[in-house]
Amino acid sequence: MTQLLTVLLYTVHVLVCIFLIFVVLLQQGKGADLSVFGGGTTQTAFGARGATTLLHKLTVGSFIIFVITTLAIGLPQLHNRGTVMNGAKATKPAAANVPVKTLPLKPAPAAPGAPAPAAPAKPASAPGSPR
């Protein structure tokens, strides 16, 4: 029953969104000379004052339905306080006292035609110490 209600709510919400887009696009802005269909054809169909009143009422009504469906979709999500880790299985941590074998570092082989790497510098001795 709740799944059917959710599908119905989302369907109404999408239809109201599409209807609201079309109603807003059909409205004529303040001082605009042309409407969507050409030179004042929407005003001649509904009358000079009737088009704005009808479109205004449709816009306000569809906006109210849009807000109600948005709240109806969003409010049940407040009660779902789960986390993304709810269904995850707990794993054992890796053993901490397993020795790690390290390999000695070897110098990389020289590329063919490249100059030979310089020998490592010998540390300088302090003055007065034997060499």
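Rules behind the numbers
- Residues numbered from 1 in each chain as written.
- Predicted model: local features only at pLDDT ≥ 70, side-chain atom pairs only at ≥ 80, totals over all residues.
- Heavy atoms only, no water.
- Helix = DSSP H or I, 4+ residues; strand = E, 2+ residues; numbered from the N terminus.
- Expected span 1.5 Å × (residues − 1).
- Buried < 20%, exposed > 50% of the residue type's maximum accessible area, 1.4 Å probe, protein only.
- Patch = residues over 30% accessible without salt bridge, like charges linked within 9 Å, V, L, I, M, F, W, Y side chains within 5 Å.
- Areas by Shrake-Rupley, 256 points an atom, 1.4 Å probe, with all protein chains shown as cover.
- Salt bridge = Lys/Arg side-chain N within 4 Å of Asp/Glu carboxyl O.
- Contact = heavy atoms within 4.5 Å.
- pLDDT = per-residue confidence, 0-100.

1. Side note on helix 1 (residues 2-26)
For helix 1, built from 25 residues, the straight-helix expectation of 36 Å at 1.5 Å per residue is met to within 8% by its first-to-last C-alpha distance of 36 Å. For helix 1, the set of buried residues is His13, Val16, Leu20 and Val23.

2. Quick notes on a nonpolar patch on the surface
On the surface, Val60, Phe63, Ile64, Val67, Ile68, Leu71, Leu75 and Leu78 cluster together to form a nonpolar patch covering roughly 710 Å² of accessible area. For Ile68, the location among the structural elements is in helix 3 (residues 50-74). Among the residues examined, Ile68 registers a relative accessible area of 54% and is labelled exposed.

3. Side note on the side chain of Thr59
Following the sequence through the fold, Thr59 ends up in helix 3. Its relative accessible area of 17% is what places Thr59 among the buried residues. In contact with Thr59, not counting residues within four places along its chain, are Leu20, Val23, Val24 and Gln27.

4. Points about the environment of Ala72
On the secondary structure map, Ala72 appears in helix 3. In this structure the C-alpha to C-alpha distance between Ala72 and Tyr10, which are 62 residues apart in sequence, comes to 9.6 Å.

5. A few points about the confidence of the model for the protein chain
Detailed conclusions should not be drawn from predicted coordinates in areas where pLDDT is low. When pLDDT is averaged across the protein chain, the result is 75; 65% of the residues are at 70 or more. Looking at the elements of the protein chain, mean pLDDT is at its lowest for helix 2 (residues 41-46), recorded as 52, and at its highest for helix 1, recorded as 91.

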